[in-house]
Amino acid sequence: RGFYKRVCGVMGTQMGKTDLACNVLGHRLDTDAVPVMYIGPTRIFVERTWEPRFMAMVNSTPLKAKLAPGRQPKSQKNIAGVMATFGWSGSAASLSGETACKVIVDERDKMENDIQSQGDPVEQADGRHETYPDGQTGIFSTPTIGNVEVEEHPETGLEHWTISDDLGSAT
């Protein structure tokens, strides 16, 4: 039984990407608790948008009973005895401090390609789960700039987007 180390979701705006991220991480925390990480574009987004939505999901599910008692920081929650960590692309430290089996990179299109000279946020996300055999990175984005070329995979015949020569700035 195989699985993918990276899953990408490229969707239009307001398609439920952030709620999907909540549900993916919440499901893993509930069914087979492992450390998880969410990476958003900015600290303000993480604290004002992500964390309240994540907590609304927790409070409306059986995860509420698994939430550690007491006040917890906006950037970290203890659920079922493991950590759910929330980082942002403007801080290399928030992306490198913890390991996590499941990592979600949300709004990738709004992130720089090199975070404080520490590299690409997706590569940093991949590094969080290297010690987990079932570790995965989910990447969600709403691209707004550029053209996409398509090529056919030689073995499967499926069409895939080609990798651009110049990714440009994500600002």
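In this text the structure is predicted, and so the values were computed from the model without any measurement.

Asker: Any details on the pattern of salt bridges? Residues and values, ideally.
Answerer: Inspection of every chain in the model, using the stated rule, returns 7 salt bridges. Asp 19 is the salt-bridge partner of Arg 53, the closest N and O atoms lying 3.4 Å from each other. One end of the pair, Arg 53, is in helix α2 (residues 43-59); the other, Asp 19, is in helix α1 (residues 17-31), and 34 residues separate them in sequence. Residues Lys 66 and Asp 30 are paired through a salt bridge, measuring 2.7 Å at the closest nitrogen-oxygen approach. Residue Lys 66 is located in the loop between α2 and β3 (76-79), and its partner Asp 30 is located in helix α1; the two are separated by 36 residues in the primary sequence. Taking the relative accessible area as the measure of exposure, Asp 30 reaches 31% and is therefore partly exposed. A cluster of three or more residues bridged by salt bridges with shared partners is formed by Arg 28, Asp 32 and Asp 134.

Asker: I'd like a rundown of the pairing of β3, residues and numbers included.
Answerer: The side chains of a regular strand alternate, residue by residue, between the two faces of the sheet. Covered by surrounding structure in β3 are Lys 77 and Ile 79 only, the residues Gln 76 and Asn 78 on the alternate face being uncovered. The pairing of β3 with strand β4 (residues 82-88) spans 4 bridges and is classified as antiparallel. Following the sheet pairing, Asn 78 is matched in β4 by Met 83. Linking two consecutive strands that pair antiparallel, namely β3 and β4, is a turn of 2 residues; a positive phi of about 55° is found at Ala 80 within it.

Asker: Give a description of the nonpolar core that names residues and reports values.
Answerer: Counting 24 residues, the largest nonpolar core has Leu 25, Leu 29, Tyr 38, Trp 50, Phe 54, Val 58 and Phe 86 as the members making the most contacts within it. Of all the secondary-structure elements, those providing two or more residues to this core are α1, β2 (36-40), α2 and β4. For this core, the element with the highest residue contribution is α2, accounting for 7 residues. Once residues lying within four places of it in the same chain are set aside, the contact partners of Leu 29 are Val 34, Val 36, Phe 54, Leu 63, Ile 79, Ala 80, Val 82 and Ala 84. Formed by 9 residues, the second largest nonpolar core is a distinct cluster that contains Met 37, Ile 39, Val 103 and Ile 139.

Asker: Outline the sheet that holds β3, supporting the account with residue identities and numerical values.
Answerer: In spatial order, the strands read β1-β6-β5-β2-β4-β3; together these 6 strands make up an open sheet with mixed pairing. Two strands close off the open sheet at either side, each with one partner strand: β1 (6-10) and β3. Taken pair by pair, the neighbouring strands of this sheet meet at an average axis angle of 15°, ignoring direction. Relative to strand β6 (residues 136-141), strand β5 (residues 102-106) is paired through 5 bridges, and the arrangement is parallel. Across the sheet, residue Val 103 finds its bridge partner in β6, namely Thr 137. Contacts between α1 and the sheet are confined to β2, β3, β4, β5 and β6, with β5 contributing the most and set at about 170° to the helix.

What counts, and at which threshold
- Residues numbered from 1 in each chain as written.
- Predicted model: local features only at pLDDT ≥ 70, side-chain atom pairs only at ≥ 80, totals over all residues.
- Heavy atoms only, no water.
- Salt bridge = Lys/Arg side-chain N within 4 Å of Asp/Glu carboxyl O.
- Helix = DSSP H or I, 4+ residues; strand = E, 2+ residues; numbered from the N terminus.
- Buried < 20%, exposed > 50% of the residue type's maximum accessible area, 1.4 Å probe, protein only.
- Pairing = 2+ DSSP bridges.
- Core = buried A, V, L, I, M, F, W, Y, C linked by side-chain atoms within 4.5 Å.
- Contact = heavy atoms within 4.5 Å.
- Axes fitted to C-alpha atoms, helices over the stretch in contact; angles between N-to-C directions.

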